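# Remarks on the overall topology
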Amino acid sequence: MLLYWWLMKRKTFIHQSSLLAGGILISPTFFHVKEDRLIKKNISSHTPYAISTWNVPRANEIAGEALEKGSNALDAAVLGVAYEEANLLNTTVGKGGAPDRDGEVTLDACVMNHKGDCGAVLAVQNITHVAALAKDVMEKTPHVILAGEGAKKFALSQGYISENLLTPESEKAWQEWLKKGRYEPEINVENHDTIGMLCSDQNGHLSGVCTTSGLAYKMKGRVGDSPIIGSGLFIDNNVGGAVATGLGEEVIKTVGSFLIVELMRQGKTPQEACEEAVSRILEKQISKPDFQVAYLATNKKGEIGSYSIHKGFTYTQYKNNLNQNIASKAVY
Ligand code: ASP
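Residues numbered from 1 in each chain as written. Predicted model: local features only at pLDDT ≥ 70, side-chain atom pairs only at ≥ 80, totals over all residues. Heavy atoms only, no water.

## Some remarks on the overall build of the chain
Spelled out, the test is: Every helix listed is a DSSP run of H or I at least four residues long, and every strand listed is a run of E at least two residues long, numbered separately from the N terminus. Any two residues whose heavy atoms approach within 4.5 Å at even a single point are treated as in contact. In these tables, accessible area is a Shrake-Rupley quantity obtained with a 1.4 Å probe, and a residue counts as shielded only by the protein chains included in the view.
Within the chain, the regular secondary structure consists of 10 helices and 13 strands. Here the analysis covers contacts within the chain between residues at least 6 apart in sequence; of these, 65% occur between residues at least 24 apart. With an accessible surface of roughly 13900 Å², the chain has 54% of that area assigned to carbon and sulfur atoms.

## Topic: the environment of Trp 54
As a reminder of what qualifies: Nitrogen and oxygen atoms within 3.5 Å of one another constitute a polar contact, given that in protein one can donate a hydrogen and the other can accept it, and given that sequence-neighbouring residues count only through two side-chain atoms.
Following the sequence through the fold, Trp 54 ends up in the loop between β1 (49-53) and α3 (57-68). For the pair Trp 54 and Tyr 315, spaced 261 residues apart in the sequence, the C-alpha separation amounts to 4.5 Å. At 3.0 Å, the side chain of Trp 54 and the side chain of Thr 245 are in polar contact.

## Concerning the sheet that holds strand β8 (residues 240-246)
Test applied: At least two DSSP bridges between two strands are required for those strands to pair. As a rule, the C-alpha atoms of each element are fitted with a line to give its axis, helices using only the stretch in contact, and angles between N-to-C directions run from 0 to 180 degrees.
If you trace the five strands from one edge of the open sheet to the other, you get β7-β8-β9-β10-β13, paired in mixed fashion. The strands lining the two open edges of the sheet, one partner per strand, are β7 (233-236) and β13 (329-330). Relative to strand β10 (residues 304-308), strand β9 (residues 293-299) is paired through five bridges, and the arrangement is antiparallel. The residue of β10 that forms the bridge with Ala 294 is Ser 308. Lying over the sheet, helix α10 (residues 270-282) contacts β9, β10 and β13, oriented at roughly 20 degrees with respect to β10.

Structure, rendered in structure tokens:
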């Protein structure tokens, strides 16, 4: 009976996800966001919006549309990023992500909601939808962080399916990288990277998600800023929220997202706060750095700011049925 219920629930989800996600079938293991939650009507007048690091139009649109249908901010963000987690062409998030230097794909993610609750998973193998998994850690365990094998064990206990996340294309690129014969992790400063998404729902509640495969060809066991609450993501529903992308080591050293939210609490706009957080990184550098760090933030007034070390960082914004990609200001 229980098995039948689970299979029916899963079947319903597959149908919903292929409708929601257009061309990309979100993995059947991702059955946690239910349609009834998305169509729940709200009476609040707050205009919802979704913002995401980089150019991720469909993921951001999925989140924005869910918000307009009345989804709460965290469910919308988890649903939005699930699209990119399942997108095999995106080599920096989820399935298809670049592997570590041993050829294994390990994923990191965290979530934080308007109540200040949070969850994170670190260095997880074989599970595509790690943002949903981080939310499950938050909601279904007494803990905030699960790492490695423990996170995978928990995922399997929750009905997630173990999958091979390494695509032939990512494997080929890794083989090419190995030919260089020296350890040099790579970071993509072009179009796609870690997805940090911030959503504000019809109640004006803020939540966020950060999901990534981390630096390409990182050392086994390396974890960056993305799943670290306060570094890759921070939300304070009285103030605002921030997300980070880029070289995680530099973000962690300055606890970047928490710093931005605290600066906004002190009265800075999201733009001013992002600029100050970037300058905290740069003041430790003796010359122009060759790494990228970028921040995206919003406050309770709905103001948005972004700033990066190098040009090339963009973010995607959905509001009032309009989804657009916007170039960030940068130092260099
Ligand atoms: N911040 C991520 C990390 O350091 C990488 C990225 O944003 O591209 O793992």
